[in-house]
Amino acid sequence: MNSILLPVHPGEILREEYLAPLGLSAGALARKLNVPRTRIERLVAEDTPVTIDTALRLARFFETTPEFWMNMQTGYDLKRQAVEKRAEIEAIPVLYVA
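Residues numbered from 1 in each chain as written. Predicted model: local features only at pLDDT ≥ 70, side-chain atom pairs only at ≥ 80, totals over all residues. Heavy atoms only, no water.

Notes on the nonpolar core
Next up, step 1: The biggest cluster of nonpolar side chains holds 20 residues, and the ones touching the most others in it are Leu14, Leu19, Leu29, Ile40, Leu58, Phe62 and Trp69.
Next up, step 2: Contributing elements (two or more residues each) for this core: helix H1 (10-22), helix H2 (26-33), helix H3 (37-44), helix H4 (52-62) and helix H5 (66-84).
Next up, step 3: It is H2 that contributes the most residues to this core, 5 residues altogether.
Next up, step 4: Contacts of Trp69, omitting those with residues within four sequence positions, involve Pro10, Leu14, Tyr18, Val50, Ala55, Leu58, Ala59, Phe62 and Thr64. (Core = buried A, V, L, I, M, F, W, Y, C linked by side-chain atoms within 4.5 Å. Buried < 20%, exposed > 50% of the residue type's maximum accessible area, 1.4 Å probe, protein only. Helix = DSSP H or I, 4+ residues; strand = E, 2+ residues; numbered from the N terminus. Contact = heavy atoms within 4.5 Å.)

This is the structure we're talking about:
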């Protein structure tokens with residue numbers, strides 16, 4: 001039996017690994033990052049992706065790197081697209097070079 005790991009949205013990581021342990025709300029974080037409250041609310045609700053601007057701000061605030069946040073987003077997007085477009089991608093022939 002193959003178990004498939006579902007992609008993890010960066011908003012889930014932000015919510016569960018950063019905000020919850022700190023007792024910080026999305027609105028409070030948004031104020032600290034100087035962004036609209038809805039941007040962080042939508043991110044932690046997994047309704048929107050991490051943008052470059054948000055990654056830069058999160059990295060500064062949490063002392064991480066922008067790449068940390070953007071790599072999570074890229075990994076999430078790749079996994080979702082791989083599942084959604086599996087048949088289409090598998091139909092592409094492989095170039096074999098001798």
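Some details on the packing of H4 against H5
Axes are the key here: two packed helices are described by the angle between their axes and the distance separating the axes.
Next up, step 1: Their axes nearest at 7 Å, the elements H4 and H5 cross at an angle of 130°. It follows that H4 is oblique to H5 by the angle criterion. The handedness of the crossing between H4 and H5 comes out as right-handed. Within the contact between the two elements, H4 uses Ile52, Ala55, Leu56, Leu58, Ala59 and Phe62 and H5 uses Pro66, Trp69 and Met70.
Next up, step 2: The class makeup of the residues in the contact of H4 with H5 is 9 nonpolar, no polar and no charged. (Axes fitted to C-alpha atoms, helices over the stretch in contact; angles between N-to-C directions. Parallel < 35°, antiparallel > 145°, perpendicular 65-115°, else oblique. Left-handed = near helix turned anticlockwise from the far one by under 90°. Nonpolar A, V, L, I, M, F, W, Y, C, P; charged D, E, K, R; others polar.)

Details of the packing of H1 against H3
Next up, step 1: Where H1 meets H3, the closest approach of the two axes is 6 Å, and the angle between their N-to-C directions is 100°. Between H1 and H3, the interaxial angle falls into the category roughly perpendicular. Every residue of H3 that contacts H1 at Gly11, Leu14, Arg15 and Leu19 is listed here: Ile40, Leu43 and Val44.

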